[in-house]
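Okay, here's what each chain looks like letter by letter:
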Amino acid sequence: MCNSLIPAAYRAAGSDAAAGTGRAGQDFPPAPEPLPVPVMDNHTHLDFPNGDRPVAIAAALDAAEAVGVQGAVQVGCDLESSRFTVQAVDLDSRLLGAVALHPNDAPDYARRGELEEALAEIEQLAAHPRIRAIGETGLDFFRTEGEGLAHQRYSFRRHIDIAKRLNLTLQIHDRDAHDDVVQVLREEGAPERVVFHCFSGDEELARICNAAGWNMSFAGTLTFKNAKNLRAALAVADPDLVLVETDAPFLTPHPHRGRPNASYMVPYTVRAMAELTGTDLAGLCTRIGENTVRAYGSWT
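Residues numbered from 1 in each chain as written. Predicted model: local features only at pLDDT ≥ 70, side-chain atom pairs only at ≥ 80, totals over all residues. Heavy atoms only, no water.

## Observations concerning the sheet that holds strand β7 (residues 215–218)
Right, on to step 1. Spatially, eight strands are ordered β1-β2-β3-β4-β5-β6-β7-β8 in an open sheet, and the strand pairing comes out parallel. Either end of the sheet is taken by a strand with one partner, and the two such strands are β1 (39–44) and β8 (242–244). In this sheet, neighbouring strand axes are inclined to one another by 30° on average, regardless of whether the strands run parallel or antiparallel.
Right, on to step 2. Pairing of strand β5 (residues 169–175) with strand β6 (residues 194–196), which is carried by three bridges, proceeds in the parallel orientation. Counterpart to Gln171 in the pairing with β6 is Val195.
Right, on to step 3. In this fold helix α10 (residues 266–277) packs onto β1, β2 (69–75), β7 and β8, with an angle of close to 150° to the strand it touches most, β8. (Pairing = 2+ DSSP bridges. Helix = DSSP H or I, 4+ residues; strand = E, 2+ residues; numbered from the N terminus. Axes fitted to C-alpha atoms, helices over the stretch in contact; angles between N-to-C directions. Contact = heavy atoms within 4.5 Å.)

The structure is reproduced here in structure tokens:
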């Protein structure tokens, strides 16, 4: 790989700076061709280190901005990462934030008798003016079972309540739990703005989101060969509800699946979206940018 194609922020990170390696010693992919119109990465985790070194926030955002990704939403999954998020949004104006307890973490807080205290702190952190979402929260039936599911449901309902009372966007983690997530949203009454992070449903869920006005955020998974359900969902998704994300450092898009992900990788997914929908790339970027600002507010 030509080092000049790797953003400097990632050449310098990880266990092998000369090779540009990152998490687990893997090479970071080359930078894509810049987008014609800027977009935002509406879900990333800058608190995850590259190899054994922390991410340099400004450098990572510089790398993204160089290819037309002009901002990002830094997302918390527990108290530690949510506290990090509040600090990060104060460091760089290209970041907005989301704070929450991930559905797989909520049962751990509950078992330690700390769930109520943790939820109270999440609400306090969410009062920061650059925290624009409660997330990622939701349901995950892949990694949690038994009594942990009851704690997930309770935590999800409490996060919905916080989002509604603070007038914040709700950013949902939904893994193998589509029907139950929709049921809870309907029972509780969804906040005004809802984002299905890393949309993993099919055409049926996309139509439900269309009817409810819920945003669908597509990640690199859309480009995977086995993702026929996602491509079918994108085909029927209301274009005014479509967002894009990385979920970095995970879910790196094709053709670099399995290597570390970062916000500068967004253009790979956006170009796939344009190709799959037969949409003009610049027009799609403009719409995604407008949709993202409607979901989270202005970055400025």
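Having put the structure on the table, let's press on.
## Observations regarding the side chain of Arg130
Right, on to step 1. With respect to the element layout, Arg130 can be found in the loop between α5 (115–125) and β4 (131–140).
Right, on to step 2. Buried charge without a partner: Arg130 forms no salt bridge, and the closest opposite charge is Asp90, 6.3 Å away.
Right, on to step 3. Within the local environment of Arg130, its side chain forms a polar contact with the backbone oxygen of Ser93, the two atoms lying 2.8 Å apart.
Right, on to step 4. Beyond its immediate chain neighbours, meaning those up to four positions away, Arg130 contacts Val89, Ser93, Leu95, Leu96, Gly97 and Trp299. (Buried < 20%, exposed > 50% of the residue type's maximum accessible area, 1.4 Å probe, protein only. Lys, Arg positive; Asp, Glu negative; His and termini not counted. Salt bridge = Lys/Arg side-chain N within 4 Å of Asp/Glu carboxyl O. Polar contact = N/O pair within 3.5 Å; in protein donor to acceptor, adjacent residues only side chain to side chain.)

## Thoughts on unusual backbone geometry
Right, on to step 1. A cis amide bond links Gly135 with the next residue in sequence, Glu136, at an omega value of 10°.
Right, on to step 2. Mapped onto the elements, Glu136 comes out in strand β4.
Right, on to step 3. Non-glycine residue Asp176 carries a positive phi angle of around 55°.
Right, on to step 4. Mapped onto the fold, Asp176 is located in the loop between β5 and α7 (178–188).
Right, on to step 5. Not every positive phi belongs to a glycine, and Cys198 is a case in point at roughly 45°.
Right, on to step 6. Within the secondary structure, Cys198 is located in the loop between β6 and α8 (203–212).
Right, on to step 7. By relative accessible area, Cys198 is classed as buried at 14%.

## Regarding the side chain of His159
Right, on to step 1. Along the chain, the position of His159 falls in helix α6 (residues 147–166).
Right, on to step 2. A residue is classified by how much of its surface remains accessible, and His159, at 0% relative accessible area, is buried.
Right, on to step 3. A distance of 3.4 Å separates the side chain of His159 from the side chain of Thr137, its partner in a polar contact.
Right, on to step 4. Contacts of His159, omitting those with residues within four sequence positions, involve Ala100, Leu101, Leu119, Ile122, Ile134, Thr137 and Leu170.

## Some points on the pairing of β5
Right, on to step 1. Burial runs high along β5: six of the seven residues are buried.
Right, on to step 2. For β4 and β5, the ladder comprises six bridges, and the chain directions are parallel. The residue bridging Asp140 from the neighbouring strand is Arg175, located in β5.
Right, on to step 3. The parallel pair β4 and β5, bridged by α6, forms a crossover whose chirality is right-handed.
Right, on to step 4. Assessed by its sense of winding, the connection that carries the chain from β5 through α7 to β6 is right-handed. (Right-handed = clockwise from strand over helix to strand, strands pointing away.)

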